[in-house]
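# Structure assessment
Okay, here's what each chain looks like letter by letter:
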Amino acid sequence: MPDSHAFIFITCQIGAERAVKGEIARRRPDFRFSYSRPGFLTFKLPENVAFAEDLDLESVFARAHSFSLGKVQGGDPAEMAKKVWEVFGGREAKRVHVWPRDAAEPGRHGYEPSLAPEAFDIHRKILAACPNPAMLAKDAVQMCRPSSRTDRGEAILDCVLVAPGEWWIGRHRVGSITSSWPGGMLNLEWPALEKGTGTFCRNGPKGAAHKMCLSPFPGPVSRAWLKMEEALEWSRLPIPRDARVAEIGSAPGGASQALLARGCYVLGIDPAEMDPAVLAHPRFTHLRRRSTQVRRREFRKIRWLAVDMNVAPSYTLDAVEEIVTHPEIGVRGMILTLKFPDWSLADEVPEYLARIKSWGYNLVRARQLQHNRREICVAALQKPFYRKTLRD
Ligand SMILES: C[S@@+](CC[C@H](N)C(=O)[O-])C[C@H]1O[C@@H](n2cnc3c(N)ncnc32)[C@H](O)[C@@H]1O
């Protein structure tokens, strides 16, 4: 079992382990890879080095990380919950995050990484076993809070369900938006149809009803809705209501729905068919063409760009560069999906980001989102529109 603070553990998408190792080797050459299971890696930390408790690994592929305190094993979750606090050893904790190691590659037999019900159940058991409940935040019982609440600086007890009867315990302090989410995951739910209406109104991840829904949809038309919701929550791009957004690779339209629900005007560019429910939205326009066939003047009023084409990153970046570097086009910010037909392209990410910066985007961040498959999300913003919020 690792010594206190001698190790850090990282959870990621299954398949991304090599990409995580590559990033750590480049950015943190003093970390030594120690042990891994699919979707879970540990690294030995250098001795006599103090790390900030809210350490930012600046990793694209690590979904979450935690300073390891050791593991608990057993057959009875209630007993294991007691042992969690023994391992935690009287340290400060305001909240408890529990999440499972991913069970499969995203998309395999429909698998979607998520906070499974088991995580919520074990969260309740760990809270019930807390020897000093007074130290916990008043609302600690809610593991997932509205994503607008970040509470930087809060001390978190982390518990990763690595295997049945094997939980790894660690700690971190919230230093970023995603480190306030258990395991870096949102508890996004596919919106249920409103009873009797056949429509849904977008709710925040914690059910905070919001008023931006302009017109009803018959539910999200593609899982890209999840990707766009998560991208917007993570990036906090300051896209105002009534913003003009172009989405290249928009069909069938889940991502456009997330933007329309926030009050944006969406220009969808895709040679494929849009879902009729999206086409019918008064703020949606479809250009049924490839990105290369769209006249530059169509982008003149566009201030925000989303791109999600099923093509290689170099194709996406060439297409975007042509648009955003055009002298008559003023795109302030972007959400780009870069797909990796081959995992080795993960090594090219630093070059991709440098290229995007070179177009005048001062703030460029990338993350493999919970709802990304073999792809990453890049958020980019131009300086005059910079807000302090774009930190992963
Ligand atoms: C992953 S799907 C997009 C999903 C979509 N964002 C949604 O919300 O449902 C990829 C799309 O990229 C489109 N595509 C591929 N090459 C394209 C190009 N050169 N220009 C525009 N769209 C393209 C495909 O037709 C396909 O609909």
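Residues numbered from 1 in each chain as written. Predicted model: local features only at pLDDT ≥ 70, side-chain atom pairs only at ≥ 80, totals over all residues. Heavy atoms only, no water.

## Observations regarding the side chain of Thr316
Considering the arrangement of structural elements, one finds Thr316 in helix α7 (residues 313–324). A relative accessible area of 1% places Thr316 in the buried class. Ignoring any residue separated from it by four or fewer positions in sequence, one finds Thr316 in contact with Val307, Met309, Val311, Thr337 and Leu338. (Helix = DSSP H or I, 4+ residues; strand = E, 2+ residues; numbered from the N terminus. Buried < 20%, exposed > 50% of the residue type's maximum accessible area, 1.4 Å probe, protein only. Contact = heavy atoms within 4.5 Å.)

## A look at the site of the ligand
Near the ligand lie 23 residues; those nearest to it are Ser222, Glu247, Gly249, Ala255 and Asp270. Across the shell around the ligand, the residue classes break down as eleven nonpolar, seven polar and five charged. (Near = heavy atom within 4 Å. Nonpolar A, V, L, I, M, F, W, Y, C, P; charged D, E, K, R; others polar.)

## Examining the pattern of salt bridges
Under the defined criterion, the tally for this structure stands at 27 salt bridges. One salt bridge connects Glu112 with Arg223, and the closest N-O pair in it is separated by 2.7 Å. In this pair, Glu112 sits in the loop between β5 (95–100) and α3 (117–128) while Arg223 sits in the loop between β7 (166–173) and α4 (224–235), placing the two residues 111 residues apart along the sequence. Here Glu112 falls in the partly exposed class, since its relative accessible area comes to 23%. One salt bridge in this structure joins Arg355 and Asp318, with 2.7 Å as the shortest N-O distance. Of this pair, Arg355 sits in helix α8 (residues 349–357) while Asp318 sits in helix α7; the two residues are 37 residues apart in sequence, bridging distant segments of the chain. The structure contains a network of salt bridges with shared partners spanning Glu53, Glu92, Arg171 and Arg173. (Salt bridge = Lys/Arg side-chain N within 4 Å of Asp/Glu carboxyl O.)

## Some words on the packing of aromatic side chains
Scanning the model with the defined rule gives nine aromatic pairs in all. A centroid spacing of 5.8 Å and a plane angle of 15 degrees characterise the contact between Tyr35 and Trp168, whose relative ring orientation is stacked. Taken together, the residues span a long stretch of sequence, with Tyr35 in strand β2 (residues 32–37) and Trp168 in strand β7 at a distance of 133 residues. An aromatic cluster of at least three residues, connected via ring pairs, comprises Phe9, Tyr35, Phe40 and Trp168. (Phe/Tyr/Trp six-rings, centres within 6.5 Å; stacked < 30°, edge-to-face > 60°.)

## Digging into the environment of Ala251
Its location among the elements puts Ala251 in the loop between β8 (244–248) and α5 (254–261). Residues Ala251 and Asp308, 57 residues apart in the sequence, show an inter-C-alpha distance of 9.4 Å. When neighbours within four sequence positions are excluded, Ala251 is seen to be in contact with Asp270, Ala272, Glu273 and Met274.

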